[in-house]
Amino acid sequence: MYEVINSKPGREAAVAATKAGLPAMAGIDPLLQAELGVDYGPHNQGTNTAGYLVGQLMQSPVYKRVGQKPLPDHCVAKTAAMWS
């Protein structure tokens, strides 16, 4: 999970989602689904862990957490932090 989120495609997906007005997790969630399949979900705290790791990725002088928002229907996770 850490490797997917912190990979170049993962970082790019998080930033693209943020620029589109979505939680960074909206860009990461489909990558985790593709890589981890049924091992990614709320049943094993996977969505919570992913949210934490995306938060670690996004915390920087550039991005600040500005609340929380529901994720699109195609995501396994249901809500995630917004970054601005």
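Residues numbered from 1 in each chain as written. Predicted model: local features only at pLDDT ≥ 70, side-chain atom pairs only at ≥ 80, totals over all residues. Heavy atoms only, no water.

S.K.: What exactly am I supposed to notice about the overall build of the protein here?
M.R.: Along the backbone of the protein there are 4 helices and 2 strands. Reading the protein from its N terminus to its C terminus gives the helix and strand order α-α-α-α-β-β. For 84 residues, the compact-globule estimate of 2.2 N^0.38 gives 12 Å, and the C-alpha radius of gyration of the protein, at 11 Å, lies within 12% of that figure. The dimensions of the protein, computed from C-alpha atoms along their principal axes, are 35 × 25 × 20 Å. In the protein, buried positions account for 38% of the 84 residues. In the protein, once contacts between residues fewer than 6 apart in sequence are set aside, the share between residues at least 24 apart is 54%. Separation between the mean location of the 7 positive side-chain charges and that of the 6 negative ones in the protein comes to 13 Å. (Helix = DSSP H or I, 4+ residues; strand = E, 2+ residues; numbered from the N terminus. Rg over C-alpha atoms; globule rule 2.2 N^0.38 Å. Buried < 20%, exposed > 50% of the residue type's maximum accessible area, 1.4 Å probe, protein only. Contact = heavy atoms within 4.5 Å. Lys, Arg positive; Asp, Glu negative; His and termini not counted. Charge placed at Lys NZ, Arg CZ, Asp CG, Glu CD.)

S.K.: Sorry if this is basic, but what is going on with the packing of helix H2 (residues 8-19) against helix H3 (residues 25-36) here?
M.R.: The relative placement of two packed helices is expressed as an angle between their axes plus a distance between the axes. One way to put it is that H2 packs onto H3 with a least axis distance of 6 Å and a crossing angle of 140 degrees. Here Pro-9, Gly-10, Ala-13, Ala-14 and Ala-17 of H2 lie close against H3, whose contacting residues are Ala-26, Gly-27, Ile-28 and Leu-31. Taken together, the residues of the contact of H2 with H3 sort by class into 7 nonpolar, 2 polar and no charged. (Axes fitted to C-alpha atoms, helices over the stretch in contact; angles between N-to-C directions. Nonpolar A, V, L, I, M, F, W, Y, C, P; charged D, E, K, R; others polar.)

S.K.: Help me understand the nonpolar core, please; the structure alone is not making it clear to me.
M.R.: Generally speaking, a soluble globular protein has its nonpolar side chains buried in company with each other. Counting 21 residues, the largest nonpolar core has Ile-5, Met-25, Ile-28, Leu-32, Val-54, Met-58 and Leu-71 as its most contacted members. Not counting chain neighbours up to four residues away, the residues in contact with Leu-32 comprise Met-1, Val-4, Ile-5, Met-25, Gly-37, Tyr-40 and Ala-50. (Core = buried A, V, L, I, M, F, W, Y, C linked by side-chain atoms within 4.5 Å.)

On their own, these measurements won't tell you what the molecule is for.
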